[in-house]
Amino acid sequence: MAAGLRFLPKPWRFLHQLNTEFSRLPRTAIPACRLSSTTSKTLLGEEAQAENWRRRVDLAASYRILEKYNLHEGVCNHLSMMAPAANGDGEVMLVIPYGLHWSEVKASSFVGLNVKREVVEGEGEADIAASTIHMGVHRARPDAVCAFHVHPPYCTALGTLKNPELGMHSQNACMFYNQIAYDRVYSGPSVDEEEGMRTAKQLGDKSVLFMCNHGVLVVAPNAARAMDHTYYLERACMNQVLAMSTGQELFEIPDEVAKFAYEQIDGPGIRQKYCDAHFEGMKRILSKECPDFME
């Protein structure tokens, strides 16, 4: 038995054995992400147009879902997704035009920005913070097909503390083991590309950035994972803030167990399966309650 495993409870050792067997499966047996960061670079003509529309639908669904979860804030905050340009000429960054409420977002609503942050698809004006922050992140992290910037109550509250770190106090928190970066320098709303590049540098290779005294940024290779991450990040922060409100000392999950839990939850293909199930379930609800998101 591996040295570290003998200290884990028997159920954790059993799960580890299952995960080890799963990891030995051929890679072809593991479902790949549908929206990869490289897909759009190889699509032309009708394929590019079709993929552009698929991503528009998924991004519109993300806006509607996070609005239903009350993780939006007025007409502010912004979600973005890289996509092949509808005309097949390179890529565009999809964002909503400023002033559109998240409950109104449709697949046809988005404007597409080129690398110069110029509108080349759709009509309207992109929020300057969305265009500067998101473009900088997408350029620095080609794997980050989606970048979701939100100000959810509990994530934002935690980010205002002198020690804003999300502790490993719950299983939800373990989903983000070693996946969070913290930017403790609040410098006001973003107005230029330098802030976007600085944000990307602070994010590094992590999937979450706590923009302290501001909000959070979540990046992912597809909309399902970005939406699921955003939801569970807020739940993990809620767990911690509520526990802290009791005034009692919080119990930290041992580092070895937290790491092990993360590896089980985010093992090969496992987390994406859960993300897809969550996302598709919410899309079925949307298709009944507000099918216009697909228009």
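Residues numbered from 1 in each chain as written. Predicted model: local features only at pLDDT ≥ 70, side-chain atom pairs only at ≥ 80, totals over all residues. Heavy atoms only, no water.

- The protein goes by Class II aldolase/adducin N-terminal domain-containing protein in an unreviewed UniProt entry, where it is assigned to Pocillopora damicornis.
- The annotation that UniProt attaches to the protein under Sequence similarities (unreviewed entry) is "Belongs to the aldolase class II family. Adducin subfamily." (UniProt positions renumbered as here; feature names shortened; annotations may be inferred.)

**A closer look at the pattern of salt bridges**
So, step 1. Inspection of every chain in the model, using the stated rule, returns 15 salt bridges.
So, step 2. A salt bridge links Glu 51 to Arg 55; its shortest N-O distance comes to 2.9 Å. Linking Glu 51 with Arg 55, this pair stays in helix H2 (residues 45-68), spanning 4 residues, or about one helical turn.
So, step 3. A relative accessible area of 4% places Glu 51 in the buried class.
So, step 4. The salt bridge partner of Asp 292 is Arg 64, with a shortest N-O separation of 3.2 Å. Linking Asp 292 in the segment after helix H9 (270-289) with Arg 64 in helix H2, this pair joins segments that are 228 residues apart in sequence.
So, step 5. Where salt bridges share partners, they join Glu 51, Arg 54 and Arg 55 into one cluster. (Salt bridge = Lys/Arg side-chain N within 4 Å of Asp/Glu carboxyl O. Helix = DSSP H or I, 4+ residues; strand = E, 2+ residues; numbered from the N terminus. Buried < 20%, exposed > 50% of the residue type's maximum accessible area, 1.4 Å probe, protein only.)

**Quick look at the environment of Val 241**
So, step 1. Topologically, Val 241 is positioned in helix H7 (residues 223-244).
So, step 2. Linking Val 241 and Leu 158, residues 83 residues apart in sequence, is a C-alpha distance of 7.1 Å.

**Examining H2**
So, step 1. With 24 residues, H2 extends 35 Å from end C-alpha to end C-alpha; this agrees with the ideal 34 Å at 1.5 Å per step.
So, step 2. Asn 70 sits one or two positions beyond H2 and adopts a positive phi of about 60 degrees. (Expected span 1.5 Å × (residues − 1).)

**Topic: helix H6 (residues 193-203)**
So, step 1. For H6, the complete set of buried residues consists of Glu 195, Gly 196, Thr 199, Ala 200 and Leu 203. Taken down its axis, H6 places every buried residue within 140 degrees of arc, on the same side. In this structure, H6 carries Glu 194 and Lys 201 as exposed residues pointing more than 90 degrees from its buried face.
So, step 2. Elements that come into contact with the buried residues of H6 comprise helix H3 (128-140), strand E6 (180-183), strand E7 (208-211) and strand E8 (215-220).
So, step 3. One or two residues past the end of H6 sits Gly 204, with phi positive at roughly 60 degrees. (Arc of directions from axis to C-beta. Contact = heavy atoms within 4.5 Å.)

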